[in-house]
Amino acid sequence: MYKKRFDGRKFDEMRPIEMEVGILEQADGSARFQIGKTIAIAGVYGPKEMHPRRLRKPDRAVLKCKYNMLSFSVTDRKRMGPGRRDKEIGLVMNFALGKSIMLDDFPKMGVEVHTEIIQADSGTRCASICAASLALAHAGVPMRDIVSSVAVGEVGGSVVIDLTKKEEDHPDGATDIPIAYLPKDDELTLLQLDGKIKPANLSKAIALGIEGCKRISDLQKKALRKKYSSS
Amino acid sequence: MIKLVDNAQVEFILGLAATKKRLDNRKNFEGFRETQIEYDVSMNAEGSARVKLGKTDVTAGIKIGIGEPFADRPDEGVIIVNVELPPIASPNFEAGPPREPTIELARVVDRGIRESGAIDLKKLCIKEGEKVWIVYIDIYALNHSGNLFDASSFAAVAALSKTFFPKVDKDYNVQYGEKSKKKLTIKRLPISCTFAKIAGKIFIDPSLKEEEVMSGRLTVTCSEDMVHAMQKGLQDGFSASEVDKCVADAMKVSKELRKLFK
């Protein structure tokens, strides 16, 4: 049984979170999101003309999401270029963010989201989603709400929020459940799981994750306001 | 125009649902279509199976080789899941390297098998850090009539459950074409259950016409008492209570489905 967390946090306590909106000059919108030692940056282009043309949709804009880890962001050097994992995460980011954006308002257009992991200590897809949602808002893309994301799970029998790499590799096994939450609809727009967990603990973990996402959502709104209050 | 057709299809599906009926006329409104598993469908494979889920038709084959383990797991064998959706299965499929949705499908099937511990990877180790068994799980759709996620997972698990290692010589060179009597042990059967969300309503094991208008998808893979893998797909969301309901339904329905495996 996992009684005390490796870094001394409480089971329902996330790592320290920092974020900044508007960190890149060329992208229409950009943001940096850091949770513990995990750092993600996101850049957004659009809504703009959709390329290639054959992928245009007559009734809505198409969202494209790319997830990439810098080769040196992990302990072993990651091969450059998109692997299967990167492609799947790009796709689930699209699923996580799509509902928050008013894609119907921009037929035939495209919105591009690019995220890069600068430094990884688990929770990278969640950090990417948080950064991407901030960057979309910064780009002025019409949105219904901000999307927040965090991983929950079970480590050595205990339900915890925001797992570190060391916790994911716990000798007694760990279950990792990245989620994203859209407060406006009270719905999960990202939900993945791998490991082994009883349904009762799964419910507990998801409830814990939604609470965490609500806290992140407040911080995201604060970061956006800060960007515009100072200028 | 697209929307008009879609809306008509959604209305029709919801109208049927109000009378506890599904478009494909399946026996159980809240169950899977008729599911058939056929074993040993390709003799040169170490194991193979064909699954029919309604009219969806998927064949999986296992090939086993020997190779080096991953550096961070020197005492574990390797399993690799690949999915191909060739044009034979649907006019909407194109030949060529797998795109994101195909990669997603393969990775969700992979996670169900891997995380459930169906295969003991430590038992696939021949010599630590040097030689391990590599199990290739290759899945081909032959007819796409909805719910390729579950059909692929069933086919993969069924093929694995009837897999024998190939013969090797004293230097561990694989003698393909000659099977040994050593069977691959399957410790538990992970069962995948996929749900489609259509206009706020949730349907298990969607058929093609239902998939065409679904806005959200949720796959739950479980063993007898545990959930091992989940994947939410498409841009719609699921509330926490909807997730609970899907997990409970998956636990229940998978008990029946597990009986189909010999």
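Scoring rules and cut-offs
- Residues numbered from 1 in each chain as written.
- Chains lettered and ligands numbered in written order.
- Predicted model: local features only at pLDDT ≥ 70, side-chain atom pairs only at ≥ 80, totals over all residues.
- Core = buried A, V, L, I, M, F, W, Y, C linked by C-beta atoms within 7 Å.
- Buried ≥ 20, exposed ≤ 12 C-beta atoms within 10 Å, placed from the backbone.
- Contact = placed C-beta atoms within 7 Å.
- Helix = DSSP H or I, 4+ residues; strand = E, 2+ residues; numbered from the N terminus.
- Nonpolar A, V, L, I, M, F, W, Y, C, P; charged D, E, K, R; others polar.
- Axes fitted to C-alpha atoms, helices over the stretch in contact; angles between N-to-C directions.
- Parallel < 35°, antiparallel > 145°, perpendicular 65-115°, else oblique.
- Left-handed = near helix turned anticlockwise from the far one by under 90°.
- Pairing = 2+ DSSP bridges.
- pLDDT = per-residue confidence, 0-100.

Asks: Please explain the nonpolar core as it appears in this structure.
Replies: The nonpolar side chains of a soluble globular protein tend to be buried with one another. Counting residues in hydrophobic clusters, the biggest one holds 137 residues, and the most contacted among them are Leu-97 and Ala-131 of chain A together with Ala-155 and Ala-156 of chain B. Ala-131 of chain A has contacts with Ala-31, Arg-32, Phe-33, Ala-40, Ile-41, Ala-42 and Thr-115 of chain A, leaving out every residue within four places of it along the chain.

Asks: Sorry if this is basic, but what is going on with the interface of chain B and chain A here?
Replies: For an interface, size is often stated in terms of accessible area lost upon the parts coming together. Facing the 29 residues of chain B at the interface are 30 residues of chain A. Secondary-structure elements contributing two or more residues to the side of chain B that touches chain A are helix 1 (2-18), helix 2 (100-116), strand 12 (227-233) and helix 5 (240-258) of chain B. The greatest single-element share of the side of chain B that touches chain A, amounting to 7 residues, is contributed by strand 12 of chain B. Tallied by class, residues from the side of chain B that touches chain A come to 13 nonpolar, 6 polar and 10 charged.

Asks: Would you explain the packing of helix 4 (residues 199-229) of chain A against helix 5 of chain B in this entry?
Replies: Think of two packed helices as two axes; the pair is described by the angle between the axes and how far apart they sit. The N-to-C vectors of helix 4 of chain A and helix 5 of chain B enclose an angle of 165°; their axes lie 11 Å apart at closest approach. By the angle between their axes, helix 4 of chain A is roughly antiparallel relative to helix 5 of chain B. The handedness of the crossing between helix 4 of chain A and helix 5 of chain B is right-handed. Contacts from Pro-199, Leu-202, Ser-203, Ile-206, Ala-207 and Ile-210 of chain A of helix 4 of chain A reach helix 5 of chain B at Ala-240, Val-243, Asp-244, Val-247, Ala-248 and Met-251 of chain B. By residue class, the composition of the contact of helix 4 of chain A with helix 5 of chain B is 10 nonpolar, 1 polar and 1 charged.

Asks: Can you help me understand the pairing of strand 11 (residues 216-222) of chain B in this one?
Replies: Two faces, one strand: in a regular strand the side chains alternate between the faces of the sheet. All names here are of chain B. Of all 7 residues that make up strand 11, 7 are buried, and the element is covered over most of its length. The two faces of strand 11 match: Gly-216, Leu-218, Val-220 and Cys-222 on one face and Arg-217, Thr-219 and Thr-221 on the other face are all buried. Here strand 9 (residues 191-198) runs beside strand 11; their pairing, made up of 7 bridges, is antiparallel. Within strand 11, the position partnered with Lys-197 by the bridge is Gly-216. Pairing analysis gives 6 bridges linking strand 11 to strand 12, with the strands arranged antiparallel. Residue pairing across strands places Arg-217 opposite Gly-233, the latter belonging to strand 12.

Asks: Please explain the confidence of the model for chain B as it appears in this structure.
Replies: Low-pLDDT stretches of the model should not have their predicted coordinates read in fine detail. Confidence in the prediction of chain B, expressed as mean pLDDT, is 95, and 99% of residues score 70 or more. The complex prediction reports pTM at 0.92, with the ipTM value standing at 0.88.

Asks: Is there a simple way to think about the environment of Thr-19 of chain B in this case?
Replies: All names here are of chain B. Along the chain, the position of Thr-19 falls in the loop between helix 1 and strand 1 (35-39). Residue class for Thr-19 comes out exposed when judged on the 7 C-beta atoms lying within 10 Å of it. In this structure the C-alpha to C-alpha distance between Thr-19 and Ala-45, which are 26 residues apart in sequence, comes to 45 Å.

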